[in-house]
Amino acid sequence: MSDQIPYLSDEELEKLIAGVEKEPMVSAPDHMEEKVIARITSIERKKTISFAGYCLRVGFGVAAAVALLCVVPFISQRQIIEPLLGTALLEKEIPTKKEVLKGRDARTKEEVLLEANQPSLFEEIKNYFDTAD
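Residues numbered from 1 in each chain as written. Predicted model: local features only at pLDDT ≥ 70, side-chain atom pairs only at ≥ 80, totals over all residues. Heavy atoms only, no water.

Undergrad: So what exactly am I meant to see when it comes to the overall build of the chain here?
TA: Across its full length, the chain carries seven helices and zero strands. Across the 133 residues of the chain, 0% fall into the buried class. Surface exposure of the chain reaches about 13,600 Å², of which carbon and sulfur atoms provide 62%. (Helix = DSSP H or I, 4+ residues; strand = E, 2+ residues; numbered from the N terminus. Buried < 20%, exposed > 50% of the residue type's maximum accessible area, 1.4 Å probe, protein only. Areas by Shrake-Rupley, 256 points an atom, 1.4 Å probe, with all protein chains shown as cover.)

Undergrad: What should I look at first to understand the confidence of the model for the chain in this one?
TA: Any residue range with low pLDDT should be treated as having predicted coordinates unsuitable for detailed reading. On average, residues of the chain score 83 in pLDDT, and 86% of them reach the 70 mark or higher. When pLDDT is averaged over each element of the chain, helix α2 (residues 32-71) comes out on top at 92 and helix α4 (residues 87-91) at the bottom at 62. (pLDDT = per-residue confidence, 0-100.)

Undergrad: Looking at this structure, how should I read a negative patch on the surface?
TA: A cluster of like negative charges, contributed by D10, E11, E12 and E14, occupies part of the molecular surface. Here E12 lies in helix α1 (residues 10-22). Assessed through its relative accessible area of 42%, E12 is described here as partly exposed. (Patch = residues over 30% accessible without salt bridge, like charges linked within 9 Å, V, L, I, M, F, W, Y side chains within 5 Å. Salt bridge = Lys/Arg side-chain N within 4 Å of Asp/Glu carboxyl O. Lys, Arg positive; Asp, Glu negative; His and termini not counted. Charge placed at Lys NZ, Arg CZ, Asp CG, Glu CD.)

Undergrad: When you look at the pattern of salt bridges in this model, what are you seeing that I'm missing?
TA: If the charged atoms of two oppositely charged side chains come close together, the side chains can form a pair. Inspection of the entire model under this criterion finds two salt bridges. One salt bridge connects E115 with R107, and the closest N-O pair in it is separated by 2.5 Å. A salt bridge links D130 to K126; the nearest nitrogen and oxygen atoms lie 3.4 Å apart. On the criterion of helical spacing, the pair formed by D130 and K126 is a turn pair, its members being four residues apart in helix α7 (residues 121-131). Looking at D130, the relative accessible area reads 45%, which means it is partly exposed.

Undergrad: For this particular structure, what's the right way to read the environment of S50?
TA: Secondary-structure assignment places S50 in helix α2. There is a polar contact of 3.0 Å between the side chain of S50 and the backbone oxygen of K47. (Polar contact = N/O pair within 3.5 Å; in protein donor to acceptor, adjacent residues only side chain to side chain.)

Undergrad: Help me understand a nonpolar patch on the surface, please; the structure alone is not making it clear to me.
TA: A grouping of L8, L13, L16, I17 and V20 is seen on the molecular surface, where their side chains present a nonpolar patch of about 450 Å² in accessible area. Here L16 shows up in helix α1.

Shown next as structure tokens:
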């Protein structure tokens, strides 16, 4: 069996067209139109229902966001944390910087930035060999 599709010659194609034109047209089944219209309306109804559900979800989300924006400024942090964690955490003292470091030296921001701007050992060696020429 060959892979080629057999095509009609021009004469055979003209005979086929003439034969089709001579015969009466075949009508579609009587219930076909009703089925197609019913199918289209059911698909459109499903799309409308799913879109309405989407709109409701978005609407409730927006309403919840607006409600939070209106309510949050009036709630203090203590009202939120106290019921969840109890008063023990709120009464706990936070240690100061000196207590945490306990006499160890801590570099200042300026010292860290100065060190970061210094050339690395690799850059110093590269500069040494570049200037040696």
